[in-house]
Amino acid sequence: MTEEHAAAETGPGKGATWQVALMFLKLGVIAFGGPAAHTAMMRDELVRRRGWVSDARFADLMGATNLIPGPNSTELAIHLGYDRARWRGLAAAGICFILPAALMVTALAWGYVTYGSTPAVEGVLYGIVPAVIAIVAHALFGLIRTVIKTIWLGAMALVALTTYLLGVNELLILAGAALLSAALHLLRNPPTGRSRVHGLLTTPLLTLSGSPLFPDPTGAQLAQLFLTMLKIGSVLYGSGYVLLAFLRGDFVERLGWITNEQLIDAVSIGQVTPGPVFTTATFVGYLIAGPVGAFLATLAIFLPSFVFVGLLTRLTDKLRSSAWTSALLDGVNAAALALMAGVSYQLARTAVVDPLTAAITVISLLLLWKTRLNNAWLIAGGAVVGLARTFLT
């Protein structure tokens, strides 16, 4: 009997926890390329190679994770772990998928803080950052046809982009888009009692916020770091790249704890490493409060995902079939796309500073458009160009 057939016969929930841990530890080490690439790798390993779940079940879980806040590929990993080994599998899959990237980012953050002013490191970041801009822009273009389904959603995205550039809080933009889209759906399709109950299940997820500071300055900073990251992890819908807009709004604009340049560097480090894009938060946490800050930021940004998936395991089928929830998320996704566009524009203004950085951005975008090249190769290429410029000038 083959490994794949033996695995399939055990059925959901009966697989050993260590199998889940090893599988997602492997994926956490090799999963470069962003959420779409992560999802493709999970399907290849768990559906095609091992038969842990069927294609139909895999598609159901993909759809369900789009209905809750947080990093979708990480939540898909957590839910697949639950399907294989129930609650121990849920914890093992999530932790093992996140851990490699979190450790790598922490180590790189230490190097950045310690040696970040050296010419070599500056040269690497000089070349990497324009490639990151291209990666974000390519993801943005790829989502337009999927997200902007109607003229109404297109108009909503434009309004969301305008309000973001005018300085309106990101959470307010997402919540407003969700409510407007849901209201339009109600006008066109008055709800029954059942659809009303199912639709309201996700509404509280849009209303979480932080708490007041503690009086002690050091404790206050750590507490606010944790609570701010917890808030972001609790309310962030859409692609992981939308995280950039939230981090910029809270830590650059509102708190002033990091600079726009440091945020760009954090994004670059998040792209260099495999695993969840949300480990950008780990880097930000380290810049703010060292190793303790990195740990707290990582714990806070990912904790809501474990909670939401734990709740979602009992609601997957109902949420996926709800017209009300689908309408609400159409609005959220349109606003999330606008946030991606806004933050891409703001970061590009800082990163694309001369003809060489412009060339890196354009060439990276063309390669993404015309080939299936992994993002990691673009990052590596940008690093080589940046180092070459440093040593030749």
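These numbers come from a predicted model, not from an experiment.

Estimated volume of the second largest pocket: approximately 360 Å³. Counting residues per element, the ones that place at least two in the lining of the second largest pocket are α5 (72-115) and α13 (280-312). The biggest single contributor to the lining of the second largest pocket is α13, with 9 residues. Residues that form the lining of the second largest pocket fall into these classes: 12 nonpolar, 3 polar and no charged.

Core analysis: the largest hydrophobic core is formed by 86 residues, its most contacted members being M229, F246 and F251. Take this core: its biggest share by element is 15 residues, from α13. Beyond its immediate sequence surroundings of up to four residues, M229 is in contact with L247, F251, A281, V284, A297, A300 and I301. Counting 21 residues, the second largest nonpolar core, distinct from the first, contains A31, W52, A85 and C96.

Before going further, it helps to examine the pattern of salt bridges. Overall, the coordinates contain 8 salt bridges when judged by the stated rule. Among the salt bridges present, the one from R254 reaches D250, with a minimum N-O distance of 3.0 Å. With R254 and D250 both in helix α11 (residues 242-254), this residue pair falls 4 residues apart, about one helical turn. What makes R254 partly exposed here is its relative accessible area of 44%. One network of salt bridges, in which partners are shared, links K26, E45 and R50.

Glancing now at unusual backbone geometry. A positive phi is found at R86, a non-glycine position, where the angle reads about 50°. Among the structural elements, R86 can be located in helix α5. In this structure R86 comes out as partly exposed when scored by relative accessible area, which is 34%.

Between α11 and α13, the shortest axis-to-axis distance is 15 Å and the interhelical angle comes to 130°. The orientation of α11 with respect to α13, classified from their angle, is oblique. Both α11 and α13 take part in a crossing whose hand is right-handed. On the side of α11, the interface is formed by L243, L247 and F251, while α13 contributes T280, V284, I288 and I301. Split into classes, the residues belonging to the contact of α11 with α13 amount to 6 nonpolar, 1 polar and no charged.

Where helix α16 (residues 355-370) meets helix α17 (residues 375-392), the axes come as close as 11 Å, and the angle between the chain directions of the two elements is 160°. Classified by the interaxial angle, the pair formed by α16 and α17 is roughly antiparallel. Handedness of the α16/α17 crossing: right-handed. In contact with L356, I360, S364, L367 and L368 of α16, α17 contributes N375, L378, V385 and R389. Of the residues in the contact of α16 with α17, the class split is 6 nonpolar, 2 polar and 1 charged.

You can see T282 is positioned in helix α13. Assessed through its relative accessible area of 0%, T282 is described here as buried. Excluding residues that lie within four positions of it along the chain, T282 makes contacts with A102, V105, T106, A294 and T298.

Turning our attention to the packing of aromatic side chains. Scanning all chains against the criterion turns up 4 aromatic pairs. Between Y82 and W87, the aromatic rings sit 5.0 Å apart at their centres with planes inclined by 70°, giving edge-to-face as the arrangement. On the accessibility criterion, Y82 (11% relative accessible area) is buried. According to the relative accessible area criterion, W87 is partly exposed, its value standing at 44%. When the centroid spacing of 6.1 Å and the interplanar angle of 40° are considered together, the rings of F251 and W257 count as tilted. Take W257: its relative accessible area is 23%, and that puts it in the partly exposed class. Lying across the ring of Y126, R389 places its NZ or CZ 4.0 Å from the centre.

Reading guide: rules and limits
Residues numbered from 1 in each chain as written. Predicted model: local features only at pLDDT ≥ 70, side-chain atom pairs only at ≥ 80, totals over all residues. Heavy atoms only, no water. 1 Å grid on protein atoms, 1.4 Å probe; cavity = no way out; pocket = protein on both sides within 12 Å on 5 of 7 lines; lining within 4 Å. Points joined across faces, edges and corners; volume = space filled by probe spheres on them. Helix = DSSP H or I, 4+ residues; strand = E, 2+ residues; numbered from the N terminus. Nonpolar A, V, L, I, M, F, W, Y, C, P; charged D, E, K, R; others polar. Core = buried A, V, L, I, M, F, W, Y, C linked by side-chain atoms within 4.5 Å. Buried < 20%, exposed > 50% of the residue type's maximum accessible area, 1.4 Å probe, protein only. Contact = heavy atoms within 4.5 Å. Salt bridge = Lys/Arg side-chain N within 4 Å of Asp/Glu carboxyl O. Axes fitted to C-alpha atoms, helices over the stretch in contact; angles between N-to-C directions. Parallel < 35°, antiparallel > 145°, perpendicular 65-115°, else oblique. Left-handed = near helix turned anticlockwise from the far one by under 90°. Phe/Tyr/Trp six-rings, centres within 6.5 Å; stacked < 30°, edge-to-face > 60°. Lys NZ or Arg CZ within 6 Å of the ring centre and 35° of its normal.

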